[in-house]
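Coordinate analysis (summary)
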There are 2 protein chains.
Amino acid sequence: MTTIKDVAKDAGVSVGTVSNVINGARVGKEKKILVEQSIQKLGYEVNTLARGLKTQKTDYVVVILPELENPFFSLILSNIEKALSERGKQIVICISGGDAEKEAKFINLAKRNKIDGIIGITYSKIDKYLTDSMAFVSIDRHLRTDIPYVSNDNLAGGRLAAENLCLRGAKNLLCFQTISSLDSEVRNRRRGFEQYCIDHGVRYNCAEFSETQGSSIYTSFGSRNLIRNVLNAYVNTDVDGIFASSDHLAVVICEEARKMGKHIPEDLQVIGFDGLRLLNYGSPLVSSIEQPVELLARTCVDMLMKILNHEEVHSITNLPVRFVEGGTTKKMER
Amino acid sequence: MTTIKDVAKDAGVSVGTVSNVINGARVGKEKKILVEQSIQKLGYEVNTLARGLKTQKTDYVVVILPELENPFFSLILSNIEKALSERGKQIVICISGGDAEKEAKFINLAKRNKIDGIIGITYSKIDKYLTDSMAFVSIDRHLRTDIPYVSNDNLAGGRLAAENLCLRGAKNLLCFQTISSLDSEVRNRRRGFEQYCIDHGVRYNCAEFSETQGSSIYTSFGSRNLIRNVLNAYVNTDVDGIFASSDHLAVVICEEARKMGKHIPEDLQVIGFDGLRLLNYGSPLVSSIEQPVELLARTCVDMLMKILNHEEVHSITNLPVRFVEGGTTKKMER
């Protein structure tokens, strides 16, 4: 393989000059052209990890996600990869399983290995591991005032869900949400839902179960019992509209409610959150509040690039959501 | 942050000695202990990327996958991450979208950046980019005689699918498969299916569509038309048992067949491949040939570790599969 020495020899300059060209340091114009010509001629490829030792830049970004069994996280990863790839950045992936220690390990790894920055969905207390020198963009969660985060308009999403259930004739609503013990933007889904109900005098209830219990709905049948029990407590009252905090949860709720003899959407209407219909998810497709996943991913990546360019950034929490009609809500009453 | 110089000073040795200890080179026992004590005392953390310049090892592994929208690939990634993480390795992810150029780019990146090795699911002609010096483990595809690959027993899987359709009363079978233009182990699913039918004098047909058309079943509704057309051509004959090459395809086939007025499993039985019931996939869950995803991931990682240790490795193509009963096949006739 061509080395930096070969390039220096070919261009008739010192190794230091080649190194300066590669790392963007000041070099006379003529020498720069000579070096660039030799690099192209010899097909020399820069070892970005080695370069990172000097420039403090490696073109690697760590992406922290709780899990990949949840198709929403896979879709986020897929879109972040696309956006970073277009900017010549590679992803080092950390699938945390919600383990704060593992997240901290990757934050330290990123520091040690001069990784450019981190994009993370995390529900742990990782604030203390983050130093000013590490560029970090958080998704859906406010970590610290100096750490920017990106989120869609969860408040509007919750309102939209309640509104659409009511417009379709539901009179007694239930918000069924998995929550983390830490505050995150996701909680605003419930807040928006409640605001709408209060503003419009709609009867409603809220049922929540913690993230640690809930995450297993993606990988086990055990937590179905939990969902069934919650449903049992409400469905046999006259609840006729449910807002679930994810499409996956909505699919499971529909399945369990059908087993209880409920017809969907005739007896019970269900609206999920995420808009995973991209994945042809569920049968019939659940009606849902669609998150703009691609925009969310691009916004995170743009924000990270700005931080790396020392530009000022502000958190963004209003990426647009919209209601998408599926087979689990009635047609609109006119 | 503690530097190698701090460690050398504390231990009373030269920087070179510390470096030798870190990189596993020969160092006197006494000095080694002193250095290790200082490393621990000062909490010094090795920059693995920098170390890679000397030891040619970085503890990074590139994982190449075609896409993440297909939940089977997400599950593979999740399991590979777990297995590599246990060995202190991190993943640099390449989502190729089937683009050979992007795969080649990551292979070159891995070489330049001294990445330890690559685990890949690829359907492109990437053989030429792989050199002897790059450890590579392929999943499901035979690339070159010197590149080991891991696969489950697809031949047995295809036989099992045909056998189970027959045992449950189906008389006229259809194998419905997405295929790549390149030969891969996945084709053995059809071969096993055909072998069983021929051996037992069972009527059968095979319908195939190419990977490029088929991959979009995970992300768009357009290719549903393709599936519908193929189904139309067969379902209105007396086909009463379908073996689909993935669970996702099986779910779509069931949905489309129901729209055509077929009752499943009464009129038409369907068996998929993958065993994604882990993800609670489809309603009812499709009957399926389950792949041992965790074992597949662990076997790849074990194999990569052996290559890195200069141990001899051989391709493994017989990881066990099994039939798992879902709601899309009849109960067994006794």
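Quick caveat, the model's predicted, so the values are computed rather than measured. (Residues numbered from 1 in each chain as written. Chains lettered and ligands numbered in written order. Predicted model: local features only at pLDDT ≥ 70, side-chain atom pairs only at ≥ 80, totals over all residues. Heavy atoms only, no water.)

Here's the deal with the overall build of chain A
- The helix and strand inventory of chain A stands at twelve helices and twelve strands.
- For chain A, the proportion of contacts with a sequence separation of at least 24, taken over those separated by at least 6, is 68%.
- Summed over its atoms, the accessible surface of chain A is roughly 14100 Å², and 48% of this surface lies on carbon and sulfur atoms. (Helix = DSSP H or I, 4+ residues; strand = E, 2+ residues; numbered from the N terminus. Contact = heavy atoms within 4.5 Å. Areas by Shrake-Rupley, 256 points an atom, 1.4 Å probe, with all protein chains shown as cover.)

A short note on the sheet that holds strand β5 (residues 149–152) of chain B
- As summarised here, the arrangement of the twelve strands in space is β11(A)-β5(A)-β4(A)-β3(A)-β1(A)-β2(A)-β2(B)-β1(B)-β3(B)-β4(B)-β5(B)-β11(B), forming an open sheet in which the pairing is mixed. Since the sheet does not close on itself, it has two edges, and those belong to β11 (316–319) of chain A together with β11 (316–319) of chain B, each with one partner. Adjacent strand axes in the sheet meet at a mean angle of 25°, parallel and antiparallel pairs treated alike.
- Pairing between strand β1 (residues 60–65) of chain A and strand β3 (residues 117–120) of chain A: four bridges, direction parallel. Along β3 of chain A, the bridge assignment pairs Val62 of chain A with Ile118 of chain A.
- With respect to the sheet, helix α12 (residues 293–308) of chain A is in contact with β1, β3, β4 (135–139), β5 (149–152) and β11 of chain A, its orientation differing from that of β4 of chain A by roughly 160°. (Pairing = 2+ DSSP bridges. Axes fitted to C-alpha atoms, helices over the stretch in contact; angles between N-to-C directions.)

Thoughts on unusual backbone geometry
Residue and element names in this part refer to chain A.
- Following Ile264, the chain continues to Pro265 via a peptide bond in cis, the omega torsion being 10°.
- As for its placement among the helices and strands, Pro265 is situated in the loop between α11 (247–259) and β9 (269–274).
- We note that Asp59 has phi near 65°; this positive angle belongs to a residue other than glycine.
- Among the secondary structure elements, Asp59 is positioned in the loop between α4 (48–55) and β1.
- Here the phi dihedral of Lys114 falls at roughly 55°; this positive angle occurs in a residue that is not glycine.

A look at the packing of helix α1 (residues 4–11) of chain B against helix α2 (residues 15–22) of chain B
Residue and element names in this part refer to chain B.
- Packing of α1 against α2 leaves a shortest axis separation of 8 Å and a crossing angle of 105°. One way to sum up the angle between α1 and α2 is to call them roughly perpendicular. For the pair formed by α1 and α2, the contact residues are Ile4, Lys5, Val7 and Ala8 on the first element and Val15, Val18, Ser19 and Ile22 on the second. (Parallel < 35°, antiparallel > 145°, perpendicular 65-115°, else oblique.)

Regarding the environment of Ala135 of chain A
Residues and elements named next belong to chain A.
- Here Ala135 is to be found in strand β4.
- The exposure class of Ala135 is buried, given its relative accessible area of 8%.
- With 116 residues separating them in the primary sequence, Ala135 and Ser19 have C-alpha atoms 25 Å apart.
- Ignoring any residue separated from it by four or fewer positions in sequence, one finds Ala135 in contact with Asp116, Gly117, Ile118, Leu304, Ile307 and Leu308. (Buried < 20%, exposed > 50% of the residue type's maximum accessible area, 1.4 Å probe, protein only.)

Observations concerning the side chain of Glu256 of chain B
- Mapped onto the fold, Glu256 of chain B is located in helix α11 (residues 247–259).
- Setting aside anything within four residues of it in sequence, one finds Glu256 of chain B in contact with Arg224, Arg228 and Leu231 of chain B.

Description of the side chain of Ser151 of chain A
- Looking at the element boundaries, Ser151 of chain A is found in strand β5.
- Side-chain polar atoms of Ser151 of chain A contact the side chain of Asn154 of chain A, separated by 3.0 Å. (Polar contact = N/O pair within 3.5 Å; in protein donor to acceptor, adjacent residues only side chain to side chain.)

Quick notes on the confidence of the model for chain A
- In the predicted model, chain A carries a mean pLDDT of 84, and the fraction of residues at 70 or more is 87%.
- ipTM for the predicted complex: 0.76, alongside a pTM of 0.79. (pLDDT = per-residue confidence, 0-100.)

Examining helix α6 (residues 100–112) of chain A
- The end-to-end C-alpha distance of α6 of chain A is 18 Å, a good match for the 18 Å that 13 residues give at a rise of 1.5 Å each.
- Those residues of α6 of chain A not exposed but buried are Lys102, Glu103, Ala104, Phe106, Ile107, Leu109, Ala110, Lys111 and Arg112 of chain A.
- Looking at the buried positions of α6 of chain A, the neighbouring elements they touch are β1, β2 (90–95) and β3 of chain A together with β1 (60–65), α5 (71–86) and β2 (90–95) of chain B.
- With its phi angle positive at about 55°, Lys114 of chain A sits one or two positions after the end of α6 of chain A. (Expected span 1.5 Å × (residues − 1).)

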